[in-house]
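What the coordinates show
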Amino acid sequence: MSKSPKKQRLSVYLDPGVMGRLAEHAARRDHSRSLVAEAAIESFLSPDAAERQEAAITKRLDQFDRRMTRMERDIGISVEMFAVFVRFWVATTPALPEPAAQAARAKTRERYDAFVTALGRRLAKGPKLRQEISEDVDGLEGRQDSP
């Protein structure tokens, strides 16, 4: 039976703060300071440590990019929906004579509250408009959608 090679001793000088963090980490993990220091040095000297870190950062950046792309799409849908609604509303709503306009202004708060309530229900239960609109709109590009 062959013996494993004996570990070699290394004396290192550490700043008191670094030594404190090393001691705390070793105590939390119930390991010796030597074992934690050896693992840290091995990780630092490992040729693939930088590659693993770069891969992890790249993965996170890709996730952020996908989220930003979805947000841009959702905001674009919202802006276009609002523009279509305003265009339609302006085109189809005649101006009211003054007595009727006063009565309409009196109902404004009630109608607005009903709108906010309906919007709250829609947001709570869904489906969301962005879920109803296909992400693949290539077949619709040639069609004129404005009124």
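Above: the structure in question.
Overview of the structure. The numbering scheme is per chain: residues are counted from 1 as the chain's sequence reads. Selection of residues for local features in this predicted model requires a pLDDT of at least 70, selection of side-chain atom pairs for listing and counting requires 80 or more, and totals for whole chains, interfaces and linings are taken over all residues. Values reported for side chains reflect all heavy atoms of the structure, with hydrogen atoms and water molecules removed beforehand.

**Quick word on the overall build of the chain**
Each helix corresponds to a stretch of at least 4 residues labelled H or I by DSSP, and each strand to a stretch of at least 2 residues labelled E; elements are numbered beginning at the N terminus. A count of helices and strands for the chain gives five helices and zero strands. Written out in order from the N terminus, the α and β elements of the chain read α-α-α-α-α. Should any heavy atoms of two residues lie within 4.5 Å, those residues are considered in contact. Within the chain, counting contacts between residues at least 6 apart in sequence, those at least 24 apart form 40% of the total.

**Digging into the packing of helix H1 (residues 16–29) against helix H2 (residues 33–45)**
Helix axes use the C-alpha atoms of the stretch in contact, all axes being lines fitted to C-alpha atoms, and the angles between their N-to-C directions lie in the range 0 to 180 degrees. The contact between H1 and H2 brings their axes to 9 Å, and the two run at 110°. In terms of axis orientation, H1 runs roughly perpendicular to H2. Residues Met19, Leu22, Ala23, His25 and Ala26 of H1 touch H2, and the partners they reach there are Arg33, Val36 and Ala37. Polar here means any residue other than Ala, Val, Leu, Ile, Met, Phe, Trp, Tyr, Cys and Pro, which are nonpolar, and Asp, Glu, Lys and Arg, which are charged; Gly is therefore polar. When grouped by side-chain class, the residues that make up the contact of H1 with H2 number six nonpolar, one polar and one charged. Angles below 35 degrees are treated as roughly parallel, those above 145 as roughly antiparallel, those between 65 and 115 as roughly perpendicular, and all remaining angles as oblique.

**Points about H1**
An expected span of 1.5 Å times one less than the residue number is assigned to each helix. The end-to-end C-alpha distance of H1, which contains 14 residues, comes to 20 Å, matching closely the 20 Å that a straight helix rising 1.5 Å per residue would cover. Positive backbone phi, at 60°, marks Asp30, one or two positions downstream of H1.

**Focus on the environment of Val36**
With respect to the helices and strands, Val36 occurs in helix H2. Relative accessible area serves as the criterion here: at 15%, Val36 is assigned to the buried category. When the C-alpha positions of Val36 and Ala23 are compared, they lie 9.1 Å apart, and in sequence the two are 13 residues distant. In contact with Val36, other than residues within four places in its own chain, are Leu22, His25, Ala26 and His31. The classification of residues rests on relative accessible area computed with a 1.4 Å probe and restricted to protein chains. Under 20% of the type maximum is buried, over 50% is exposed, and intermediate values are partly exposed.

**Structural notes on a positive patch on the surface**
A contiguous patch of positive charge, built from Arg60, Arg66, Arg67 and Arg70, is present on the exposed surface. Its location among the elements puts Arg70 in helix H3 (residues 49–92). Patch criteria: residues need more than 30% relative accessible area and no salt bridge. Like-charged residues are merged within 9 Å; nonpolar side chains of Val, Leu, Ile, Met, Phe, Trp and Tyr are merged within 5 Å. Residue-level accessible areas treat just the shown protein chains as cover; the underlying method is Shrake-Rupley with a 1.4 Å probe. Take a side-chain nitrogen of Lys or Arg and a carboxyl oxygen of Asp or Glu: if they are within 4 Å of each other, that pair is a salt bridge. A positive count includes Lys and Arg, and a negative count includes Asp and Glu. His and the chain ends are not counted in either. For this purpose, a charge sits on NZ of Lys, CZ of Arg, CG of Asp or CD of Glu.

**Side note on helix H4 (residues 98–125)**
Here H4 contains 28 residues, and its C-alpha end-to-end distance of 39 Å stays within 8% of the 40 Å for a straight helix at 1.5 Å per residue. The bend at a residue is defined as the angle formed between two axes, one fitted to the seven residues ending at that residue and one fitted to the seven starting there. Thr108 marks where H4 bends most, by close to 45°. With its phi angle positive at about 70°, Gly126 sits one or two positions after the end of H4.

**What about the packing of aromatic side chains?**
Only Phe, Tyr and Trp rings take part, Trp by its six-membered ring, and two of them pair if their centres are within 6.5 Å. Stacked means planes under 30 degrees apart, edge-to-face means over 60, and tilted covers everything else. In total, this model carries one aromatic pair according to the counting rule given. Both rings, one in Tyr112 and one in Phe115, keep their centres 6.4 Å apart while their planes meet at 40°; by these two values the pair is tilted. Of this pair, Tyr112 and Phe115 both sit in helix H4, separated by three residues, roughly a single helical turn.

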